[in-house]
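Here's the letter readout for the chains.
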Amino acid sequence: KHTFKTGTIIALAPLSKSLFAFSIKESESYRKDPLAYAESIGISSNIQKIILCAMLAPNSHNTQPWKVRIDSENSFTLFGDAERTLPAIDPINRQFYHSQGTFLELARLAADSLMFDAKVILFPSGIPTSKQIANKAIAKFTIIPKDKCVHDFLFLSLPKRQMNRAKYSGEWITEEEVESLKKL
């Protein structure tokens, strides 16, 4: 029995490695430019590229609490993953919905960079209760080709799409910058 289990693990190891392989180089490439990465792995569908980008969205406690149903070449529906809620620290799902919002915003920015306008309908069937999160849509996301070449260049400004919990070591915001932001 023991020999059989060990043999099975050894025999399946190469298969599992090929199924789940994601090298450091690939990870860096994906985070640096997810659209180029999508092209490099053969993804040609714009909606799939957008979803691939949105999966890098910041999310509460790195739970990635979303599920996506692709409805067509131009749309997807976003659902919550009930198994990834955090009832002990987020009993009213506030952080959960923030995570859904960052997913949708990154999807919108990706769509914009691909020359699409995005239409987002929040809670198309009403706001779900905690028990309905998995079955009631959070949003319906649709892309429409742009009729004018106007871009939000924020997507290209994201240098490295990765959570960083290290102590901040950059320049601190100045009082002048704070005042300038307040005026905006």
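Just so we're clear, the structure is a prediction, and the values are computed from it rather than from any experiment.

A. Local environment of the sheet that holds strand β2 (residues 75–80). Judged by pairing direction, the sheet is antiparallel, and its four strands sit side by side in the order β1-β2-β4-β3 without closing on themselves. Across the chains shown, the open sheet's two edge strands, defined by having one partner strand only, are β1 (66–72) and β3 (116–122). Pairwise comparison of adjacent strand axes, ignoring direction, gives a mean angle of 20 degrees for this sheet. In this fold helix α5 (residues 94–113) packs onto β1, β2, β3 and β4 (139–145), with an angle of close to 165 degrees to the strand it touches most, β2.

B. Expanded view of the environment of Ala 54. Tracing the chain through its elements places Ala 54 in helix α4 (residues 46–54). Taking relative accessible area as the criterion, Ala 54 reaches 0% and is therefore assigned buried. Residues within four places of Ala 54 in sequence aside, it is in contact with Trp 66, Phe 103, Leu 106 and Ala 107.

C. Inspection of the packing of aromatic side chains at higher detail. Evaluated as defined, the whole model comprises five aromatic pairs. Ring geometry for Phe 76 against Phe 103: centres 6.2 Å apart, planes inclined by 90 degrees, an arrangement best described as edge-to-face. Within this pair, whereas Phe 76 is found in strand β2, its partner Phe 103 is found in helix α5, the two being separated by 27 residues in sequence. An identical accessibility class is assigned to Phe 76 and Phe 103; each is buried. Each member of the aromatic cluster is reached from another via a ring pair, and the members are Trp 66, Phe 76, Phe 103 and Phe 141.

D. Structural view of α4. Across the nine residues that make up α4, a large majority, seven, are buried. Of all the positions in α4, only Ile 47, Lys 49, Ile 50, Ile 51, Leu 52, Cys 53 and Ala 54 are classed as buried.

E. Broad picture of the side chain of Asn 59. One can find Asn 59 in the loop between α4 and β1. Among the residues examined, Asn 59 registers a relative accessible area of 9% and is labelled buried. Within the local environment of Asn 59, its side chain forms a polar contact with the backbone oxygen of Ala 57, the two atoms lying 2.8 Å apart.

F. Region of interest: the nonpolar core. With 30 residues, the main nonpolar core has Ile 50, Phe 76, Leu 78, Phe 103, Phe 141 and Ile 143 as its most contacted residues. Broken down by secondary-structure element, the contributors of at least two residues to this core are α3 (34–40), α4, β2, α5 and β4. Excluding residues within four positions of it along the chain, Phe 103 makes contact with Ile 51, Ala 54, Met 55, Ala 57, Trp 66, Val 68, Phe 76 and Leu 78.

G. A look at the pattern of salt bridges. The tally for this structure, following the rule as stated, stands at eight salt bridges. Among the ionic pairs, Asp 71 bridges to Arg 69, the shortest N-O distance being 2.7 Å. Residue Asp 71 is classed as partly exposed on the basis of its relative accessible area, which comes to 31%. When its relative accessible area of 42% is taken as the criterion, Arg 69 is described as partly exposed. Salt bridges here are not isolated pairs; linked through shared partners, they connect Arg 69, Asp 71 and Lys 140.

H. Fine view of the pairing of β2. Of all six residues that make up β2, six are buried, and the element is covered over most of its length. With burial as the criterion, each face of β2 is covered, one bearing Ser 75, Thr 77 and Phe 79 and the other bearing Phe 76, Leu 78 and Gly 80. Bridge count for β1 against β2 is six bridges, and the pairing is antiparallel. By the bridge assignment for β2, Arg 69 is matched with Thr 77. Counting the residues that bridge the hairpin from β1 to β2 gives two residues. Note: β2 against β4, four bridges, orientation antiparallel. Its bridge partner lying in β4, Leu 78 is registered against Ala 139.

The rules behind these values
Residues numbered from 1 in each chain as written. Predicted model: local features only at pLDDT ≥ 70, side-chain atom pairs only at ≥ 80, totals over all residues. Heavy atoms only, no water. Pairing = 2+ DSSP bridges. Helix = DSSP H or I, 4+ residues; strand = E, 2+ residues; numbered from the N terminus. Axes fitted to C-alpha atoms, helices over the stretch in contact; angles between N-to-C directions. Contact = heavy atoms within 4.5 Å. Buried < 20%, exposed > 50% of the residue type's maximum accessible area, 1.4 Å probe, protein only. Phe/Tyr/Trp six-rings, centres within 6.5 Å; stacked < 30°, edge-to-face > 60°. Polar contact = N/O pair within 3.5 Å; in protein donor to acceptor, adjacent residues only side chain to side chain. Core = buried A, V, L, I, M, F, W, Y, C linked by side-chain atoms within 4.5 Å. Salt bridge = Lys/Arg side-chain N within 4 Å of Asp/Glu carboxyl O.

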